[in-house]
Amino acid sequence: MTTEPTDIASGWDQATYRCGRCGAENTVTTEAAYLQAVGVHTDAHAVWDGLTPTERDGLASVLRTVLSAPDLGIEFLALAQRLARTGGNA
């Protein structure tokens, strides 16, 4: 495996990552996409493992709301930064 894949030269057609912990499958067509898929999925497990069941439910609820409206997520982060700078809670 190269550190800087040249996808055409490496002969990639597609690869499927299967998680042995949760059964998730992700099929990708480049080595870079495969490495990213594995890394992101591994990170997701690490976050999940660090949360209590109540925190998991809360985070999942927030993500469902924010990911369904990307502009909301951007505005929420901007609001959080403004309020953190000013010490406000409005």
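Structure shown above.
Quick summary incoming for the structure in this document. Keep in mind that what you see is a predicted model, and the values were worked out from it rather than measured.

1. Observations concerning the pairing of strand β2 (residues 25–28)
Here comes step 1: The pairing of strand β1 (residues 15–18) with β2 spans 4 bridges and is classified as antiparallel. Bridge pairing links Tyr17 to Asn26 in β2.
Here comes step 2: Counted between consecutive antiparallel strands, the loop separating β1 from β2 contains 6 residues, among which Gly23 sits at a positive phi close to 85°.

2. Brief notes about the state of the cysteines
Here comes step 1: If you walk through the whole model with that rule in mind, you get 0 disulfides.
Here comes step 2: With no disulfide of its own, Cys19 has Cys22 as its nearest cysteine by sulfur position, at a separation of 3.8 Å.
Here comes step 3: In this structure Cys19 comes out as buried when scored by relative accessible area, which is 9%.
Here comes step 4: A residue is classified by how much of its surface remains accessible, and Cys22, at 47% relative accessible area, is partly exposed.

3. Here's the deal with the side chain of His41
Here comes step 1: Tracing the backbone through its elements, the reader meets His41 in helix α2 (residues 31–49).
Here comes step 2: The class for His41 is buried, based on a relative accessible area of 19%.

4. A short note on helix α4 (residues 70–86)
Here comes step 1: For α4, with 17 residues, the first-to-last C-alpha span of 25 Å sits near the 24 Å given by 1.5 Å per residue.
Here comes step 2: With 1 of 17 residues buried, α4 is to be regarded as a mostly surface element.
Here comes step 3: Just downstream of α4 lies Gly87, where phi reads positive at about 75°.

5. Focus: the pattern of salt bridges
Here comes step 1: Applying the stated rule across the entire model yields 3 salt bridges.
Here comes step 2: One salt bridge in this structure joins Arg21 and Asp49, with 3.0 Å as the shortest N-O distance. In this pair, Arg21 is assigned in the loop between β1 and β2 and Asp49 in helix α2, connecting sequence segments 28 residues apart.
Here comes step 3: A relative accessible area of 43% means that Asp49 is categorised as partly exposed.
Here comes step 4: Ionic pairing is found between Glu75 and Arg82, a salt bridge with its closest N-O pair at 3.3 Å.
Here comes step 5: Given a relative accessible area of 37%, Arg82 falls into the partly exposed group.

Reading the values: rules and limits
Residues numbered from 1 in each chain as written. Predicted model: local features only at pLDDT ≥ 70, side-chain atom pairs only at ≥ 80, totals over all residues. Heavy atoms only, no water. Pairing = 2+ DSSP bridges. Helix = DSSP H or I, 4+ residues; strand = E, 2+ residues; numbered from the N terminus. Disulfide = S-S within 2.5 Å. Buried < 20%, exposed > 50% of the residue type's maximum accessible area, 1.4 Å probe, protein only. Expected span 1.5 Å × (residues − 1). Salt bridge = Lys/Arg side-chain N within 4 Å of Asp/Glu carboxyl O.

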